[in-house]
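# What the coordinates show
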Amino acid sequence: MGINIVGYENGVLRMQAPLGSNHNDKGNAFGGSLASVMTLAGWALVSLRLALAGKQAEVYVADSSIRYRAPVYGDLLAVARAAPDQDWDDFLTVFDKRGRARMTVRAEIAGGAAELEGRFVAISKG
């Protein structure tokens, strides 16, 4: 798929995948590739925030919903951030207390062509 992290700043993670490896028979981005890059961006964001806090955890996607709005004819750029009602400090407090925590992340393909809302679960390795 050729997915790469292309940036992280102010709580926002960006991942990119080339259209050339992820297109369908119509020449636009394959829906499964859009779903994959958005899911991976959410997973990477939660994993990164845990690592930055010095926590060792396994991160899993618990569930997600995706809305496709328009075809994508260029590289797939996913942008992931915590959902508006979520707080990283609360997430880390629960993780420290229980050894597991959940975080809802919103990811979208740049330009609004697709969006994902997913719940990610972190489980302590220790």
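Cut-offs and rules
Residues numbered from 1 in each chain as written. Predicted model: local features only at pLDDT ≥ 70, side-chain atom pairs only at ≥ 80, totals over all residues. Heavy atoms only, no water. Pairing = 2+ DSSP bridges. Helix = DSSP H or I, 4+ residues; strand = E, 2+ residues; numbered from the N terminus. Axes fitted to C-alpha atoms, helices over the stretch in contact; angles between N-to-C directions. Contact = heavy atoms within 4.5 Å. Phe/Tyr/Trp six-rings, centres within 6.5 Å; stacked < 30°, edge-to-face > 60°. Buried < 20%, exposed > 50% of the residue type's maximum accessible area, 1.4 Å probe, protein only.

## Some details on the sheet that holds strand β5 (residues 100-109)
Spatially, the six strands line up as an open sheet ordered β1-β2-β4-β5-β6-β3, and their pairing is antiparallel. Looking at the sheet topology across the chains shown, the edges are occupied by β1 (4-9) and β3 (57-68). Ignoring which end each strand starts from, the neighbouring axes of this sheet average 25° apart. Pairing of β5 with strand β6 (residues 114-124) involves nine bridges; the strand directions are antiparallel. In the strand pairing of β6, Met 103 is matched with Phe 120. Across the sheet, helix α1 (residues 31-52) is in contact with β1, β2 (12-17), β3, β4 (76-82), β5 and β6; its angle to β3 comes to roughly 145°.

## Focus: the packing of aromatic side chains
Throughout the structure, instances matching the rule amount to one aromatic pair. Ring centres 5.6 Å apart and planes at 90° place the aromatic pair Trp 88 and Phe 91 in the edge-to-face group. Here Trp 88 pairs with Phe 91, and both are found in helix α2 (residues 88-98), just three residues apart, close to one helical turn. Here the two residues Trp 88 and Phe 91 agree in accessibility, since each one is buried.

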